[in-house]
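One letter stands for each residue in the lines below.
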There are 2 protein chains.
Amino acid sequence: MSPAPQAYAKKLTAKLPPELSVCYFTNSGSEANDLAVLMARLYTRRWEVVTLRNGYHGASPFLMGATALSTWRYATPTGFGFVNAAHPDPYRGEWGGRLQRLRRPAWSCDCQQSGQCSAASKYVAQLEDTLRFSCPKAGPAAFLAESIQGVGASSNSRAATSARRSRLCARRPAACASPTSGAGHCHHGQEHRERVPAGRGGHLAGVARTLAEALHFNTFGGNPLACAVGTAVLDVIDEEKLQENCQRVGQRLLSGLQRLRQSNQLIGDVRGKGLMVGVELVADRASRAPLEAPRMARLFEATREAGVLVGKGGFYGNVLRLQPPMCVTEADADATVEAIGEAIKAAN
Amino acid sequence: MSPAPQAYAKKLTAKLPPELSVCYFTNSGSEANDLAVLMARLYTRRWEVVTLRNGYHGASPFLMGATALSTWRYATPTGFGFVNAAHPDPYRGEWGGRLQRLRRPAWSCDCQQSGQCSAASKYVAQLEDTLRFSCPKAGPAAFLAESIQGVGASSNSRAATSARRSRLCARRPAACASPTSGAGHCHHGQEHRERVPAGRGGHLAGVARTLAEALHFNTFGGNPLACAVGTAVLDVIDEEKLQENCQRVGQRLLSGLQRLRQSNQLIGDVRGKGLMVGVELVADRASRAPLEAPRMARLFEATREAGVLVGKGGFYGNVLRLQPPMCVTEADADATVEAIGEAIKAAN
C-alpha cells in the first residue's frame, strides 16, 4: 500500500468544509459525475436529476442526458431522468442579469434604482417551475450544476442564483452535485464549496450503507502516481499563491477586455471569473446575432498570428475561451488583450 | 504537442492486425466500453448489445447493464438494451465443456470417443437462440465479451466458442467489442485479436463519419505521462519476453494446481490461461456446492499466513483468483501451489 492516496485525500479534504471528509478517486470528471448521480439516486431513492441548459457534465453515454448542449449529444438514447432547466444567462437569457449591464433596448429594467438585479428572481421562478412541473412532488434526486460553465464558454450562472438555488434544493432533501474538470475548481480563483454528495441529504453513513448494497471499485482511480502528482500540484498552488494569482491576473484580463469592448462593436460580451474568461463575438450588438463563422475563423487565426492561442466555445462557436495556466502574469494578460484587439482589426 | 501519444499509438497498433490502425485513448476500461457501445450503436443504427453471463464490463451506471453479475449491479435502472446471454462455463454450465474433463456423473458424454467437445455446439445454439428471440432479425449492434472472464474468476469461455461466436456475429454486420482491463490482454500470454470496433461492420471511415455527428473528447485520455508509461511498459514486456513468461510460468502454476486438485477434495476446478488462474473451492465435488463462507475465509487467511496474497472472486466468492505480476518466476509459482496446499490443510 502506498501512502500517496491518503496524503492526497487529506490535503484535498482540508480545503473543504469539515462535513466533507471522505474522498473517492475516479479517473475523470465523467466517471465522477456518473458515480455522483448513481449515489444520489440510490441514496435518495428518487430519480430525476436537474441540470442547467448550456451545461456540460461529461461525454459518457449516461451523462449525455445531463449535458444540455446539442453539440455534445448523439442521436441515441442517453442516460434518462435528466431534466434540463433554464440557464440564468446574463447575456442571452430571457431577463439578462447582473444589473442587466448589457441590456437590450427592449428590456425594461429598474435594477439600477433598487441596486438589486430582479432577473435573478425570475430565473429562480423558472427553476421552481421545473421542479413543480417536471419532477415528483418530493423533489429530484440531485441538482447538478457547474460553478461556472466551462464548455459553455465561461457563462457564469452562479453569481445570480447560487444561494437561492441551494435554498431550493435544501427545501427538498436532494443531493447537490459538483461539476466536471471543465469547470476548473481552482481556476476561477475560489475554492468550490459544494461537492458530491453534499447538500442536506448526503449523510455519509447513509451513502456508505447505500453503496454497500453492491460492489464498486475503480481499477486506476486513486493510483499512487496520480495522487503524488495531485499532492504536488496542491502544494505548488499554495506555495506560489496561484489562486490569488488567478484572481489578480483574471481581474486585469477582464478589465482590459472590457475596455476593448468599449471600442469594438464586434465584442458583444466579456465575462468570467478569475482565469476562466469568455469573449463573445457578435455581428450585431443590438440583436446579439453571433459573428458569422468565416469572420470568426479569420479572427481566431489572427489571434494565433498575433501570438496568443485561445479556445473556441459557446453554442454558436462564437466565444473566445480564455483559460490560461494558473501561473500566467499580468504582462501575459496585457499581451492577450492586445493580441485580441489586433485580431479584431484584422478580421473586420 | 507531445510526441508521447503518437509513439504509444504506433507501438500498440503494431501489435494488432493491420486493419486496426487507429487508437483513441480513454482513462479506464469503463470509459472504453462506454464509448465502444455508443460507437457500435451509432454506426450500426441498431440497439441491442449481447454480453455473456458472469461477464464484467465496467462499473459505470451505463455499463452495469452489460455487466452480468448481480454482485456488481445496484437496484437502479442501468444502461438498457443489453442482452445477457448464456455463458459457456465448462465447470458450472449446463453442458460442461472442454472434453467435459470435470463432468458430473449425470452427464452423458461421448466426447472422449469423438475427440470433439459437443458442449461447444450446445452453447453456440444457446447464443443463436438469444439472437433469434431477444434481438431484431437484423442482429444486435454489438457483441461484448471478455477473452477470459477476469472478475468472473478466470472462467475461460473463449476456448470453447470464440471462433463460432465470431462467425455468428460476422453473419450479421455488428461490431465485436473488447473487454475491460480486468481481462488482461497481455496477462493470459497472447495478444488479443478482437478490438473495438472490429468485426465486419467496423469500417473506419464509417465510424469516423458517425462520430463527426457530434463532438467527443477526453480531457485526460492520452495524456503524455500516461502514454510514456504505456510505451515503457510495452518495451519491458517485449524486452523481458514477459508474455512468454506468462505462458511458461502459468503452465507450471496450472499443472501444480491440477496435481493439488487430485489430492484435495476441496478443489473443485482449476482453470485459466497464462497468469490468469482460478481455483474454485467446493464443499462437495459431486454437487459442486461452493465451499461455505467461513471455511473459505479461513482458507483465504491461511494462504496469506503461508506467505502468498491471492484474490477472491466468482459469483459465490469461492474462487481464489491468481493474477500475479507478469514477471513472476517458476519458483514463485511453486511457492504459490505449496502455500495453497498448506492453506487447504489448515482450513480443513
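All values reported here derive from a predicted model rather than from experimental measurement.

For chain A, the count of helices and strands is ten helices and nine strands. Looking at chain A as a whole, 53% of its 348 residues are labelled buried. Pairs at least 24 residues apart make up 67% of the contacts formed inside chain A by residues separated by at least 6 positions. Surface accessibility of chain A: about 15700 Å² in total, with carbon and sulfur atoms responsible for 54%.

This part covers the packing of helix H9 (residues 293-305) of chain B against helix H10 (residues 330-347) of chain B. All names here are of chain B. Orientation of H9 relative to H10, taken along the N-to-C sense of each, is 140 degrees, at an axis distance of 8 Å. Between H9 and H10, the angle falls in the class oblique. Read as a crossing pair, H9 and H10 show a hand that is right-handed. On H10, the residues that touch Arg295, Arg298, Leu299, Ala302 and Thr303 of H9 are Ile340, Ala343, Ile344, Ala346 and Ala347. Residue composition of the contact of H9 with H10, grouped by class: seven nonpolar, one polar and two charged.

Each partner contributes residues to the interface: chain A has 34 residues there, and chain B has 34 residues. Of all residues in chain A, A:Pro61, A:Tyr74 and A:Leu215 give up the largest surface area on contact with chain B, accounting jointly for 22% of the area buried on that side. At the boundary of chain A and chain B, one finds six residue pairs in polar contact (both at pLDDT 80 or more). For the side of chain A that touches chain B, the secondary-structure elements that each account for two or more residues are helix H2 (29-44) and helix H6 (204-211) of chain A. Of the residues forming the side of chain A that touches chain B, the biggest block, five residues, is contributed by H2(A).

Next up on the list: the pairing of strand S9 (residues 319-322) of chain B. All names here are of chain B. A two-sided burial pattern is seen for S9, the buried positions comprising Val319 and Arg321 on one face and Leu320 and Leu322 on the other. Relative to S9, strand S6 (residues 276-284) runs antiparallel, the two sharing four bridges. Within the sheet, the bridge partner assigned to Glu280 lies in S9 and is Val319. Pairing geometry for strand S8 (residues 311-313) and S9, over three bridges, is antiparallel. When the bridges of S9 are listed, Lys312 appears paired with Leu320. The turn joining S8 and S9, which pair antiparallel and follow one another in sequence, is formed by five residues; a positive phi near 85 degrees is taken by Gly314.

The next thing to look at is the relation of the copies chain A and chain B. Once chain A is rotated about the relating axis by 180 degrees and shifted along it by 0.0 Å, it coincides with chain B to within an RMSD of 0.0 Å. Expressed as an axis order, the relation between the two copies is that of a two-fold axis. Here 100% of the contact residues of chain A are again contact residues in chain B; the copies associate through an equivalent surface.

What follows is about the packing of aromatic side chains. All chains considered together, the criterion is met by 15 aromatic pairs over all chains. Aromatic pair A:Tyr56 and A:Trp72: ring centres 5.3 Å apart, planes at 70 degrees, arrangement edge-to-face. Pair noted here: A:Tyr56 is in the loop between strand S1 (49-52) and strand S2 (82-85) and A:Trp72 is in the loop between S1 and S2, with a separation of 16 residues, a long-range link. Every member of this aromatic cluster is reached through a ring pair, and the members are A:Trp47, A:Phe80, B:Trp47 and B:Phe80. The ring of B:Trp47 is capped by B:Arg41, whose NZ or CZ atom sits 3.7 Å from the centre of that ring. Of note, B:Arg41 hangs over the ring of B:Phe82, and the distance from its end group to the ring centre comes to 5.2 Å.

Residue and element names in this part refer to chain A. Chain-level statistics for chain A give a pLDDT mean of 82 and a share of 79% at 70 or above. Across chain A, the element-wise mean pLDDT spans from 53 in helix H5 (residues 158-171) up to 95 in helix H8 (residues 242-263). Low pLDDT, under 50, characterises residues 99-107; the predicted model gives this stretch 32 contacts beyond four residues in sequence or across chains. Across residues 191-202, where pLDDT falls below 50, the model places 43 contacts with residues more than four positions away in sequence or in other chains.

So, about the environment of B:Ala142. All names here are of chain B. By secondary structure assignment, the location of Ala142 is in strand S3 (residues 142-144). Look at Ala142 and you get buried, because its relative accessible area is 2%. Sequence separation between Ala142 and Leu38 is 104 residues; the distance between their C-alpha atoms is 9.9 Å.

Residue and element names in this part refer to chain B. With respect to the helices and strands, the residue Thr219 is situated in the loop between helix H6 (204-211) and helix H7 (224-239). Looking at Thr219, the relative accessible area reads 46%, which means it is partly exposed. Sequence separation between Thr219 and Thr26 is 193 residues, and the spatial gap between their C-alpha atoms is 9.0 Å.

A separate point is the packing of helix H8 (residues 242-263) of chain B against H10(B). Residue and element names in this part refer to chain B. Contact pair H8 / H10: the axes reach a minimum separation of 9 Å and the direction vectors enclose 25 degrees. Judged by the angle between their axes, H8 and H10 are roughly parallel. Two packed elements cross with a definite hand, and for H8 against H10 that hand is right-handed. Residue-level inspection shows Arg248, Val249, Arg252, Leu253, Gly256, Leu257 and Leu260 of H8 in contact with H10, the latter providing Glu330, Ala333, Asp334, Thr336, Val337, Ile340 and Gly341.

Bringing the environment of B:Asp129 into the picture now. All names here are of chain B. Summarising the element assignment, Asp129 is placed in helix H4 (residues 119-134). For Asp129, a relative accessible area of 30% translates into the label partly exposed. Remark: the alpha-carbon pair of Asp129 and Ala86, spanning 43 residues in sequence, is separated by 10.0 Å.

To continue, consider the pairing of S1(A). Across a regular strand the side chains alternate sides, sitting on one face of the sheet and then on the other. Residue and element names in this part refer to chain A. Here S1 shows two buried faces, one formed by Val49 and Thr51 and the other by Val50 and Leu52. Of the strand pairs in this sheet, S1 and S2 are connected by four bridges, and their pairing is parallel. Its bridge partner lying in S2, Val50 is registered against Val83.

Applying the stated rule across the entire model yields 20 salt bridges over all chains. Here A:Glu280 ties to A:Arg271 by a salt bridge, and the two come within 2.9 Å at their closest N and O atoms. Overall, A:Glu280 belongs to the buried group, its relative accessible area being 4%. Of the charged contacts, one joins B:Asp269 and B:Arg271 as a salt bridge, the two residues approaching to 2.8 Å between their closest N and O atoms. According to the relative accessible area criterion, B:Arg271 is buried, its value standing at 9%. Each of the salt bridges in this network shares a partner with another, and the network as a whole consists of A:Arg92, A:Asp269, A:Arg271 and A:Glu280.

Here the focus is a nonpolar patch on the surface. A cluster of nonpolar residues, A:Leu225, A:Val229, A:Val233, B:Leu225, B:Val229 and B:Val233, forms a patch on the protein surface that exposes about 470 Å² of accessible area. Sorting the residues of the nonpolar patch by element identifies helix H7 (224-239) of chain A together with H7 of chain B as the ones contributing at least two each. Structurally, the position occupied by A:Leu225 is in helix H7. On the basis of relative accessibility, which here comes to 46%, the residue A:Leu225 falls in the partly exposed class.

What counts and how
Residues numbered from 1 in each chain as written. Chains lettered and ligands numbered in written order. Predicted model: local features only at pLDDT ≥ 70, side-chain atom pairs only at ≥ 80, totals over all residues. Heavy atoms only, no water. Helix = DSSP H or I, 4+ residues; strand = E, 2+ residues; numbered from the N terminus. Buried < 20%, exposed > 50% of the residue type's maximum accessible area, 1.4 Å probe, protein only. Contact = heavy atoms within 4.5 Å. Areas by Shrake-Rupley, 256 points an atom, 1.4 Å probe, with all protein chains shown as cover. Axes fitted to C-alpha atoms, helices over the stretch in contact; angles between N-to-C directions. Parallel < 35°, antiparallel > 145°, perpendicular 65-115°, else oblique. Left-handed = near helix turned anticlockwise from the far one by under 90°. Nonpolar A, V, L, I, M, F, W, Y, C, P; charged D, E, K, R; others polar. Buried area = accessible area lost by both parts, 1.4 Å probe. Polar contact = N/O pair within 3.5 Å; in protein donor to acceptor, adjacent residues only side chain to side chain. Pairing = 2+ DSSP bridges. Least-squares fit on C-alpha atoms with pLDDT ≥ 70 in both. Phe/Tyr/Trp six-rings, centres within 6.5 Å; stacked < 30°, edge-to-face > 60°. Lys NZ or Arg CZ within 6 Å of the ring centre and 35° of its normal. pLDDT = per-residue confidence, 0-100. Salt bridge = Lys/Arg side-chain N within 4 Å of Asp/Glu carboxyl O. Patch = residues over 30% accessible without salt bridge, like charges linked within 9 Å, V, L, I, M, F, W, Y side chains within 5 Å.

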